[in-house]
Amino acid sequence: MFGRCFDKFAEYERLIHEVRERGGHFIKIMVSGIMDFNRYGELTGGTLEQHLIQDMAAAAHEMGFAVMAHVNTAEQIAWTLEAGADSIEHGYYMDNRCLDLLRETGAVWVPTFAPVENARKSGLFSETVLDRILKLHRENLQNALEKNVLVACGSDAGSFMVPPAEGCSIEEAYLKQAAGPELTENLSEILRKGNKKIRERF
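An account of the accompanying structure is given in this report. Just so you know, these numbers come straight off a predicted model, no measurement behind them. (Residues numbered from 1 in each chain as written. Predicted model: local features only at pLDDT ≥ 70, side-chain atom pairs only at ≥ 80, totals over all residues. Heavy atoms only, no water.)

### Looking at helix α7 (residues 167–179)
- Given a rise of 1.5 Å per residue, 13 residues ought to cover 18 Å, and the 18 Å separating the end C-alpha atoms of α7 matches this to within 8%.
- Where α7 is concerned, the buried positions are G167, E171, Y174, L175, A178 and A179. Take α7 and look down its axis: the buried residues cluster within an arc of 130 degrees, on one side only.
- Of the surrounding secondary structure, the elements contacted by the buried residues of α7 are α5 (114–122), α6 (127–146) and α8 (184–201).
- Note on α7: the residue one or two positions beyond its end, G180, has a positive phi of about 85 degrees. (Helix = DSSP H or I, 4+ residues; strand = E, 2+ residues; numbered from the N terminus. Expected span 1.5 Å × (residues − 1). Buried < 20%, exposed > 50% of the residue type's maximum accessible area, 1.4 Å probe, protein only. Arc of directions from axis to C-beta. Contact = heavy atoms within 4.5 Å.)

This is the structure we're talking about:
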């Protein structure tokens, strides 16, 4: 479900070649673990070291691929943007440094509110934790819109309670809710630009 593993960097390079042979268009790297919905600020699984993120992104770019990164927590997001990732998927727990790097690099942020919002409605996880996670994520989205950071609509379809067929429409509704009425117009324009860049780059 989460892609292919490797032990030595040469194996990763062979995987990139395999993507090319199969007609792929981008490389997605999993920088950090999955969100823990019961512990604020915690992830399940480990994270990649900074030098490895840089080397993986560079190798993919050298082969002509865009780099999409599954990543959460401010430090790992910053490292990933500094490594040249073209898009940040999820990006929970980011800080102002991350937002500034998004603006400076022109990378696209895909916030994926849907799985966390839906988890909150399920009653299966800590509502207190999810409320804190979503509060910060909404604030970061609003700050991103004010800084003209590129944002795209992606739902993380297939994740917890996010049906593939309806994922993007669900996510767009959450994005508008998070942006609030004062930033809705700005959101629409930034989504248009962000979605366009995703289509062109990936």
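### Observations regarding the packing of α6 against α7
- Two elements in contact, α6 and α7, have axes separated by 9 Å at closest approach and are oriented at 80 degrees. As summarised for this structure, α6 and α7 are arranged roughly perpendicular, according to the angle between their axes. Contact residues: R138, L141, Q142 and L145 in α6; L175, Q177, A178 and A179 in α7.
- Class assignment for the residues of the contact of α6 with α7 results in five nonpolar, two polar and one charged. (Axes fitted to C-alpha atoms, helices over the stretch in contact; angles between N-to-C directions. Parallel < 35°, antiparallel > 145°, perpendicular 65-115°, else oblique. Nonpolar A, V, L, I, M, F, W, Y, C, P; charged D, E, K, R; others polar.)

### Focus on a nonpolar patch on the surface
- A contiguous nonpolar surface patch, about 290 Å² in accessible area, is contributed by L124, F160 and M161.
- Residue placement: F160 occurs in the loop between α6 and α7. (Patch = residues over 30% accessible without salt bridge, like charges linked within 9 Å, V, L, I, M, F, W, Y side chains within 5 Å. Areas by Shrake-Rupley, 256 points an atom, 1.4 Å probe, with all protein chains shown as cover. Salt bridge = Lys/Arg side-chain N within 4 Å of Asp/Glu carboxyl O.)

### With respect to the pairing of strand β1 (residues 26–30)
- Burial along β1 is one-sided: I27 and I29 are buried, and none of F26, K28 and M30, which face the opposite way, are.
- In terms of strand pairing, β1 meets strand β4 (residues 66–71) through five bridges, oriented parallel. Opposite K28, over in β4, you have M68 as the bridge partner. (Pairing = 2+ DSSP bridges.)

### Looking at unusual backbone geometry
- Positive phi, close to 70 degrees, is recorded for Y93, a residue that is not glycine.
- Among the structural elements, Y93 can be located in the loop between β5 (87–90) and α4 (96–105).
- Y93 sits in the buried class, given a relative accessible area of 12%.
- Here the phi dihedral of T112 falls at roughly 45 degrees; this positive angle occurs in a residue that is not glycine.
- Looking at where T112 falls in the secondary structure, it is placed in the loop between β6 (108–110) and α5.

### Focus: the nonpolar core
- Residues I29, L102 and L141 are the most contacted members of the largest nonpolar core, which totals 59 residues.
- No other element matches α6, which puts seven residues into this core.
- Setting aside anything within four residues of it in sequence, one finds L141 in contact with W109, P111, F113, V151, L175, A178 and A179.
- In terms of nonpolar packing, the next biggest core, distinct from the first, is built from eight residues, V108, V110, A152 and F202 among them. (Core = buried A, V, L, I, M, F, W, Y, C linked by side-chain atoms within 4.5 Å.)

That's the geometry; what it means functionally is another story.
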